[in-house]
Amino acid sequence: MRRVDVRQTLERAIGLLALILAALGPVIFSTYWISFILTQVFFLGIVAASLIFLSAYGGMVSLAQVSVFGIAGFVLGNVVTHGNSKGLNLGWNPWIGVVLGVAIATSIGLVFGALGSRSSGIYFLMITLTYAVIANLFFGQVATFSGFGGISGIAAPGLIGNVNDHPNRLYYAALACALLVYAAIKYIVQTPFGLTLQGVRDDPVRMSSLGYNVPLHRMIAFGFGGFLASVAGVLFVWWNGHIDPASIDIGATLDVLVICVIGVLYRLEGAWLGAFAFVLIQNYVRTDNLPVIGGTFHTIVGAIFLVIVLISPGGLMGIWDSVVPGRPRSVTGPSAAAARPVDSAHAPIKEANS
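Residues numbered from 1 in each chain as written. Predicted model: local features only at pLDDT ≥ 70, side-chain atom pairs only at ≥ 80, totals over all residues. Heavy atoms only, no water.

1. Digging into the overall build of the chain
The secondary structure content of the chain amounts to 15 helices and two strands. Counting over 354 residues, the chain shows a buried share of 50%. In the chain, once contacts between residues fewer than 6 apart in sequence are set aside, the share between residues at least 24 apart is 75%. With an accessible surface of roughly 16,100 Å², the chain has 68% of that area assigned to carbon and sulfur atoms. (Helix = DSSP H or I, 4+ residues; strand = E, 2+ residues; numbered from the N terminus. Buried < 20%, exposed > 50% of the residue type's maximum accessible area, 1.4 Å probe, protein only. Contact = heavy atoms within 4.5 Å. Areas by Shrake-Rupley, 256 points an atom, 1.4 Å probe, with all protein chains shown as cover.)

2. Some words on the nonpolar core
Residues Phe42, Phe53, Leu76, Ile185, Trp238 and Trp272 are the most contacted members of the largest nonpolar core, which totals 86 residues. Among the elements that line this core, the one with the most residues is helix α3 (residues 31-58), at 17 residues. If we ignore the near neighbours within four places in the chain, the residues touching Trp272 are Val41, Phe42, Gly45, Ile46, Ala49, Ala178, Val181 and Tyr182. (Core = buried A, V, L, I, M, F, W, Y, C linked by side-chain atoms within 4.5 Å.)

3. Things to note about the layout of surface pockets
In this structure, the largest pocket occupies an estimated 1,200 Å³ of space. If you go around the largest pocket, you meet 29 residues; those closest to its centre are Ile14, Gly15, Ala18, Glu269 and Trp272. Take the lining of the largest pocket: its biggest share by element is nine residues, from helix α1 (residues 2-23). Considered class by class, the residues forming the lining of the largest pocket number 21 nonpolar, two polar and six charged. (1 Å grid on protein atoms, 1.4 Å probe; cavity = no way out; pocket = protein on both sides within 12 Å on 5 of 7 lines; lining within 4 Å. Points joined across faces, edges and corners; volume = space filled by probe spheres on them. Nonpolar A, V, L, I, M, F, W, Y, C, P; charged D, E, K, R; others polar.)

4. Overview of the pattern of salt bridges
Inspection of every chain in the model, using the stated rule, returns four salt bridges. The closest approach of N and O atoms between Glu11 and Arg267, which form a salt bridge, is 3.3 Å. Taken together, the residues span a long stretch of sequence, with Glu11 in helix α1 and Arg267 in the loop between α11 (250-263) and α12 (269-284) at a distance of 256 residues. Glu269 is paired through a salt bridge with Lys186; the nearest N and O atoms lie 3.8 Å apart. Of this pair, Glu269 sits in helix α12 while Lys186 sits in helix α7 (residues 167-188), placing them 83 residues apart in sequence. Here the salt bridges share partners, and the residues they tie into one network are Glu11, Lys186, Arg267 and Glu269. (Salt bridge = Lys/Arg side-chain N within 4 Å of Asp/Glu carboxyl O.)

5. Notes on the environment of Val301
Among the structural elements, Val301 can be located in helix α13 (residues 297-311). A relative accessible area of 4% means that Val301 is categorised as buried. When the C-alpha atoms of Val301 and Val258 are compared, they prove to be 8.9 Å apart, with 43 residues separating the residues in sequence. Sequence-distant contacts of Val301, that is, excluding residues within four places in its chain, are made with Phe278 and Ile281.

6. Re unusual backbone geometry
Residue Asn89 is not a glycine yet carries a positive backbone phi of 55 degrees. Residue position: Asn89 is located in the loop between α4 (65-80) and α5 (94-116). The phi angle at Val264 is positive, at roughly 160 degrees, despite the residue not being glycine. For Val264, the location among the structural elements is in the loop between α11 and α12. Relative accessible area serves as the criterion here: at 2%, Val264 is assigned to the buried category.

7. Describing the environment of Thr81
Tracing the chain through its elements places Thr81 in the loop between α4 and α5. Of the residues examined, Thr81 reaches a relative accessible area of 1% and is grouped as buried. With 10 residues separating them in the primary sequence, Thr81 and Gly91 have C-alpha atoms 5.0 Å apart. Non-local contacts of Thr81, meaning those with residues more than four positions away in its chain, are made with Asn89, Leu90, Gly91, Ile151, Ser152, Gly153 and Ile154. In terms of polar contacts, Thr81 uses its side chain to reach the side chain of Asn89, at 2.8 Å. (Polar contact = N/O pair within 3.5 Å; in protein donor to acceptor, adjacent residues only side chain to side chain.)

8. Quick notes on the confidence of the model for the chain
Averaged over all residues, the pLDDT of the chain is 86; the fraction at 70 or higher stands at 87%. In this model, residues 330-354 is a region of pLDDT below 50 whose contacts with residues beyond four sequence positions or in other chains number 48 contacts. (pLDDT = per-residue confidence, 0-100.)

9. A closer look at the packing of aromatic side chains
The tally for this structure, following the rule as stated, stands at 19 aromatic pairs. Plain terms: the ring middles of Trp33 and Phe276 are 6.1 Å apart, the flat faces sit at 55 degrees to each other, and that makes the pair tilted. Highlighted residues: Trp33 in helix α3 and Phe276 in helix α12, separated in sequence by 243 residues. Between Phe138 and Phe145 the ring centres are 5.9 Å apart and the planes differ by 25 degrees, which places this aromatic pair in the stacked class. Residue Phe145 is classed as partly exposed on the basis of its relative accessible area of 30%. (Phe/Tyr/Trp six-rings, centres within 6.5 Å; stacked < 30°, edge-to-face > 60°.)

10. Here's the deal with the side chain of Ser50
Within the secondary structure layout, Ser50 lies in helix α3. Judged by relative accessible area, Ser50 falls into the buried class, the value being 0%. Separated by 2.5 Å, the side chain of Ser50 and the backbone oxygen of Val47 make a polar contact. Setting aside chain neighbours within four positions, we find Ser50 in contact with Gln65, Gly225, Leu228 and Ala229.

11. Some details on a nonpolar patch on the surface
A grouping of Leu16, Leu17, Leu19, Ile20, Leu21, Leu24, Val27, Ile28 and Leu179 is seen on the molecular surface, where their side chains present a nonpolar patch of about 810 Å² in accessible area. Secondary-structure elements contributing two or more residues to the nonpolar patch are α1 and α2 (25-28). It is α1 that provides the largest number of residues to the nonpolar patch, a total of five residues. By the secondary structure assignment, Leu16 is in helix α1. With relative accessibility at 49%, the residue Leu16 sits in the partly exposed group. (Patch = residues over 30% accessible without salt bridge, like charges linked within 9 Å, V, L, I, M, F, W, Y side chains within 5 Å.)

Okay, here's the thing in structure tokens:
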């Protein structure tokens, strides 16, 4: 018991320190770090968190999160631009664009969830990969909404302002969204719905026999994951000012999966840890610095990814779990089955049923 208490205290202290550093980021870090490192870490972490939520608590590894992320961005771009770019160029209020982008992307996430809710394992993975391909081809082929050139000149609302002139505003907006997403997931997984979802993850047949609507729970979970991804999509187009089909291609889809695996697929904190590692590699590890490896950025990140997985199948958080004594409270999902005591393997089912 003491080891668990020490571990929890240490993790909370590290979390508090990270929060303090993030809050003081513009004072501590350079403008480059604020604009191109940390802001990007926050919204990529949100996308990764949406995938980890589905994987760790719903048993669904989704490759559709980037497509939903992109749908929100494309909707926002079509709504707010004023005729100097491709797309509908409706020129509406940016906040209307945010609401429509999040609402439409979340609705499509629910549709995706309904279509894939009766599948599992590799079949679910392939269905969500199909969603990603369809979204990429749709925005690439339909010039009315984008075309291969994408949509440029997407301005943030006045509260955020020009991100080049006022990078701190978007930084704090992304930080606030990341904290809200983390808190929302932590809260939802403790609700009756969240406990039932974990029961569905562990034994869907048993949950169905107890009277729970398994496809409905999976669909709602997928819709919530889509909502989280859509928030990240809004932050991305504010940060980038541009979105095109390449932003949501297979490479981008796999990048988010790599972020989750680098961090860890069964702990929520791994989303932002993996995003931080990925963005650092993306910005500081160049092919000309590593002539022995050669190739593209993805070759380098793939080699680093392979090393991390070989050293620790649980990712960077797995290294932490192996070094620090005690069992992590949030170990969940199939990847962590070995870390759970046998007599508590079906605890979420019991709690949900009660």
